[in-house]
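# Results of the structural survey
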Amino acid sequence: MNWEQLLSLKRYGDTNKRLRKEQDETRLGFEVDYDRIIFSQEFRSLQDKTQVIPLSQTDFVHTRLTHSLEVSVVGRSLGRKVGQKVLEKHPSLQKVHGYQANDFGAIVATAALAHDIGNPPFGHSGEKSIGEFFKSGLGKQYKNQLTDKEYQDLCDFEGNANGFKILTQSRAGREGGLRLSYATLGAFTKYPKESLPKKPTKHIADKKYGFFQSDKAAFKDVANELGLIKRSDKDLSYARHPLAYLVEAADDICYTIIDFEDGINLGLIQEEYALEYLSKVIRDNIIPENYYALGNKEDRIGYLRALAIGALINDAVDIFMKNEDAILNSTFDCALLDKSKYDAQIKDIIKISVEKIYQSDEVVDKEIAGYQIINKLLMVYTVAVNNSFNGTASNYDKLILKRLPETINFSASSLYQRLLSVCHYVSLLSDSKAIQNFKKIEGVTF
């Protein structure tokens, strides 16, 4: 793979290429991508979607929206630092084509901003509950009417693939979806493969999947434009866009450090753990008197968090540049932070976060509720949509259909497309909207 092709400014839906040296510096195409995501309805709904603590009533715990903004900020720093070093190593990118270090930052920041845009309500349990509906719930009845890969799309409903759908799917008046640049779409896709086979290798790009069967042609178009290496033709998979490693690193840094911070601010983890666990990461930068001069817990933890994020950013940049050739050749097979000199500290922090935060009573109780809510919504919507298609809709089904949005096609001739449309609709709901819909269906509220 080569950087000139990987940094394509061509927009999804365009027929002609866009040259970097012809760009308006005050309105760079990669920055337009960022704006389009910020102003999208799908991004706004993240303000009411779970990050760590579902439906938390406290104002300092992160939602998917604040998490995405923070990942984007970290991603921008990673991209700029890497961009500066890549341009030093490949000077023709700047001298001949006009690329700047900030271009890399803008691409990574935008892809990072969108990295959770396809996630359903109630956190990762939302994805699992959709999958369970088709694996062992009412949705299992459709298995024999679908191809293996179509069924797997539903059984392992994937927020990353759903995000690619959101960014690229056309609808009336919005051809090409958000019409982002190909470079941004490539950096967004951490798992450039279809749902089967599951984890065919230990390569990080095979950990999950990145596009539904319905969007297979769209991703092939993106991959061809960017010159991504094809890893398999029979079961479609490609090499990662190199900047996807930076998007992943930004997310890894934020959920490792900031989820830990949330746990401390909530009182789930003792403050003493912060200094103990982070000291080995920030030992070269911490100024003890500055730390102890801070008068409250939130400020002290914030100080440690900022230093830790800075250390991990610099480490990730070093790892990327040391392995740039392997990344471009698709032989670098793990996440950047898997090679981090702070790997042991990261694992310790994640371990205590799992024990104290992710498995806390508040999280588990609300995930249980989320399972029931999503299961009920899927059951009612899939029955109504399929009965309508088959001409057997009851009066109740017809009432349900009146409450579904016109922007999503629920009447496709393909059963797979209809089922995926229902899952897609449910995934777009905020936590509160999902609860509201559930209560209406149950007759609890009017």
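Since the structure is predicted, the reported quantities are computational estimates derived from the model, not experimental observations.

What follows deals with the overall build of the chain. What the chain contains, in helices and strands, is 21 helices and two strands. Dimensions along the principal axes, computed over C-alpha positions, put the chain at roughly 70 × 55 × 40 Å. Buried residues in the chain amount to 55% of all 446 residues. Intrachain contacts of the chain at a sequence separation of at least 6 include 72% that bridge at least 24 residues. Counting every atom, the chain has about 19500 Å² of accessible surface; 48% of that belongs to carbon and sulfur.

Let's shift gears to the state of the cysteines. What the rule picks out here adds up to zero disulfides. Not engaged in a disulfide, the cysteine Cys254 finds its nearest cysteine sulfur in Cys334; these two sulfurs lie 20 Å apart.

Okay, the environment of Gly186 next. Examined against the element boundaries, Gly186 turns out to sit in helix α10 (residues 182-188). Separated by 39 residues in sequence, Gly186 and Glu225 have C-alpha atoms that sit 9.6 Å apart. When neighbours within four sequence positions are excluded, Gly186 is seen to be in contact with Val222, Leu226, His241 and Ala244.

Let us look at the side chain of Arg11. Here Arg11 lies in the loop between α1 (3-6) and α2 (29-38). Setting aside its immediate chain neighbours within four residues, Arg11 contacts Arg18, Gly29, Val32, Asp33, Arg36, Arg179, Leu180, Ser181 and Tyr182.

Rules and cut-offs
- Residues numbered from 1 in each chain as written.
- Predicted model: local features only at pLDDT ≥ 70, side-chain atom pairs only at ≥ 80, totals over all residues.
- Heavy atoms only, no water.
- Helix = DSSP H or I, 4+ residues; strand = E, 2+ residues; numbered from the N terminus.
- Buried < 20%, exposed > 50% of the residue type's maximum accessible area, 1.4 Å probe, protein only.
- Contact = heavy atoms within 4.5 Å.
- Areas by Shrake-Rupley, 256 points an atom, 1.4 Å probe, with all protein chains shown as cover.
- Disulfide = S-S within 2.5 Å.

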